[in-house]
Amino acid sequence: MKILCEVQVVNRTTQANRTPRPLKSTLAIGYKQSARDANGNTKKELEMVLFSGQNKTGSRYKVRDNIHAVHTKFVLDGKATIGFLQPPENLLIKCDPIQLKGFLQTLKLGMDGKDAINLRLNIAAATAIPQKAQPQVRMVISKRSEYPIKGFPRTLKSLTINNSQLVKLSFEVCSLRNLTKLDVSGNKITKIPPELGRLALTSLHLGSNCLGELNDWCWLRGTKLSQSLGELDLSSNGLTHFPPPLVKFERLVSLNLNHNLLSRLPFAIRRLQALRKLHVCSNKLESLPAAIEDLHIDLLDVWGNCFKAFNAEAAQQLAQQTAAANTPQPLWLKAARSVANYKLPLPAGSVPAVLIELICEAPKCLCGQLCYALRKEDLLQRVVQPKFTNIKNLTYSREHQIYADVVICGPGCSASVQLKALFSLMFP
Ligand SMILES: [Zn+2]
């Protein structure tokens, strides 16, 4: 009989622990076949063998006339001690109580000289019970034929599925609760289930898919994902606009939007205060929001865009796109401006969510005043070659100048005058 248990070995004479702490072990009891005696009968000798990770060949203990003591008081708690005379060692055993009870009964039968089925283990050939293999935490699938038929191990922390022609991310993948890294780039994904938003991913690679086809961003509204994600790759997806829920990803450090069809970035991007790397090369950007200066960007890549001066039509379109359907009560704006001016903290639940959104996302005038999404009295202006002093590395095509859109809170604002002095202005 063999049991899987934890054993600590203590020497009674020296009081020294041969194993300083309990070790995962296999304990076996059975007969050792030895040479025939004078009468021609095989002598059967009862033995116990202890295997552990450190001791793969096993320590052997004779059982008959060699037991010093067996303590079974705590057997129902899964604990027992077996002491041997030679060597003078105690085995402190921790095990499943039912298994332990069975093992001690077998030992008793053996000591009484009875032959039980449980004892017919050929101790010479006894080996350790194989410990359970380490749970699988990483899986890489690089072609369709490697997709697991039996499903994914629930223990996965990192999953990569490339070039497998996936059209939709499966619900099963979205329910791998331990997942922190998911890379499904190079497929044909058009839709992602909202359940993905419930995973606490830190890294998500969705490059070279077709998410711009449906523009369904429900999954980005999941609170777990929006509070955990640090790295997002949405490059080469045919995106025509910046996914709106993305501005709430306040832990996002790296965002890759290369090779899409974006013509503008939202003013609300200023909410992404953790952002350090922003890749928007090879898009159709006509300008950048001046709000980008409110971030702390180490690397901004806007190479290969089509920055250009305003035309009246585009300005009107932009105003329509940015303006919300419901203009809030002037009181909201007043409250939001006060909270922003006094830099009051915004713990969740303290202020209505609408107000938080307004404070975090509404465009800001150069004077610092919050402007509610382009009302009539806010003036939208586009400046050429803005001095982005907060951006450490800026990559852009030298043949194009960069334009930035600035919002002015009203015609009387002093920032308007400053602007004229600082930049060459292009009025709509
Ligand atoms: Zn102003």
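In this report, the structure presented in the accompanying data block is examined.

So, how was this worked out
- Residues numbered from 1 in each chain as written.
- Predicted model: local features only at pLDDT ≥ 70, side-chain atom pairs only at ≥ 80, totals over all residues.
- Heavy atoms only, no water.
- Helix = DSSP H or I, 4+ residues; strand = E, 2+ residues; numbered from the N terminus.
- Buried < 20%, exposed > 50% of the residue type's maximum accessible area, 1.4 Å probe, protein only.
- Contact = heavy atoms within 4.5 Å.
- Pairing = 2+ DSSP bridges.
- Axes fitted to C-alpha atoms, helices over the stretch in contact; angles between N-to-C directions.
- Polar contact = N/O pair within 3.5 Å; in protein donor to acceptor, adjacent residues only side chain to side chain.

1. Overview of the overall build of the protein
Piece 1. In terms of helices and strands, the protein carries 7 helices and 20 strands.
Piece 2. Out of the 428 residues belonging to the protein, those deemed buried represent 46%.
Piece 3. In the protein, of all internal contacts separated by at least 6 residues, the share reaching a separation of at least 24 is 47%.

2. Quick notes on the sheet that holds strand β12 (residues 231–233)
Piece 1. Here 9 strands make up an open sheet; going across it, the order is β8-β9-β10-β11-β12-β13-β14-β16-β18 and the pairing parallel. Of all strands in the sheet, those bounded by a partner on one side alone are β8 (138–141) and β18 (393–395). Direction aside, neighbouring strands of the sheet carry axes that sit 5° apart on average.

3. A look at the side chain of Asn258
Piece 1. Inspection of the secondary structure puts Asn258 in the loop between β13 (254–256) and β14 (277–279).
Piece 2. Given the relative accessible area of 10%, Asn258 is considered buried.
Piece 3. Only 3.3 Å separates the side chain of Asn258 from the backbone nitrogen of Val280, close enough to count as a polar contact.
Piece 4. If we skip the residues at most four places from it in the chain, Asn258 touches Ser235, Ser236, His279, Val280, Cys281 and Asn283.

4. What about the pairing of strand β19 (residues 403–408)?
Piece 1. β19 sits mainly inside the fold: 6 of its 6 residues count as buried.
Piece 2. The side-chain alternation of β19 yields two buried faces, one formed by Tyr403, Asp405 and Val407 and the other by Ala404, Val406 and Ile408.
Piece 3. Where strand β15 (residues 288–289) and β19 come together, 2 bridges link them in parallel fashion. Looking across to β19, one finds that Leu288 is bridged to Ala404.

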